[in-house]
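# Close look at the chain arrangement
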Amino acid sequence: MHRDLAGNVLLDASGVPFVIDFSPTWRSPLWAEAVLVLDAVLWHGAPTEALEEWRSGAPRQAMLRAALFRVLSDRPCDVVRYAALDLG
């Protein structure tokens, strides 16, 4: 799966999406989706309601791991922005 898909997909003139950066890694598809949703909310203007289906069960665990991954990899980390999502 692509490790950082959000922000690395563009549309050509006819509207067909294509990936502009390829950074493969092995992770579960659920975790990859969680990272994509989290990035969309934090950095690309998606509404926080997109996180609602990620608040219980296996999706919750994937989202918590995605958030931990981003908190540890962001330099500097905007802790207030993550805290506002109320993922904990």
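As a starting point, this report considers the structure included with it. The structure displayed is predicted, hence computed values, not measured ones.

Side chains of residues three or four places apart in an α-helix project in the same direction, reflecting 3.6 residues per turn. With 15 residues, helix H1 (residues 29–43) should reach 21 Å at 1.5 Å per residue; the first-to-last C-alpha distance of 21 Å fits that figure. Within H1, burial applies to Trp31, Ala32, Ala34, Val35, Val37, Leu38, Asp39, Val41 and Leu42. Next to the buried residues of H1 lie helix H2 (57–73) and helix H3 (79–83). After H1 finishes, the residue Gly45 shows a positive phi value of roughly 80 degrees.

Closest axis-to-axis distance for the H1/H2 pair is 8 Å, and the angle between their directions is 60 degrees. By the criterion of interaxial angle, the relationship of H1 to H2 is oblique. Regarding H1 and H2, the two cross each other, and that crossing is right-handed. Contact with H1, carried on its side by Leu30, Trp31, Ala34, Val35, Val37, Leu38 and Asp39, involves Ala58, Pro59, Ala62, Met63, Arg65, Ala66, Ala67, Phe69 and Arg70 of H2 and no other residues of that element.

A separate point is the environment of Ser14. Tracing the sequence through the fold places Ser14 in the loop between strand S1 (9–11) and strand S2 (17–19). Exposure remark for Ser14: the relative accessible area of 61% places this residue in the exposed category.

This structure, assessed with the given rule, holds one aromatic pair. Aromatic pair Trp31 and Phe69: ring centres 5.2 Å apart, planes at 70 degrees, arrangement edge-to-face. One end of the pair, Trp31, is in helix H1; the other, Phe69, is in helix H2, and 38 residues separate them in sequence.

Rules behind the numbers
- Residues numbered from 1 in each chain as written.
- Predicted model: local features only at pLDDT ≥ 70, side-chain atom pairs only at ≥ 80, totals over all residues.
- Heavy atoms only, no water.
- Helix = DSSP H or I, 4+ residues; strand = E, 2+ residues; numbered from the N terminus.
- Expected span 1.5 Å × (residues − 1).
- Buried < 20%, exposed > 50% of the residue type's maximum accessible area, 1.4 Å probe, protein only.
- Contact = heavy atoms within 4.5 Å.
- Axes fitted to C-alpha atoms, helices over the stretch in contact; angles between N-to-C directions.
- Parallel < 35°, antiparallel > 145°, perpendicular 65-115°, else oblique.
- Left-handed = near helix turned anticlockwise from the far one by under 90°.
- Phe/Tyr/Trp six-rings, centres within 6.5 Å; stacked < 30°, edge-to-face > 60°.

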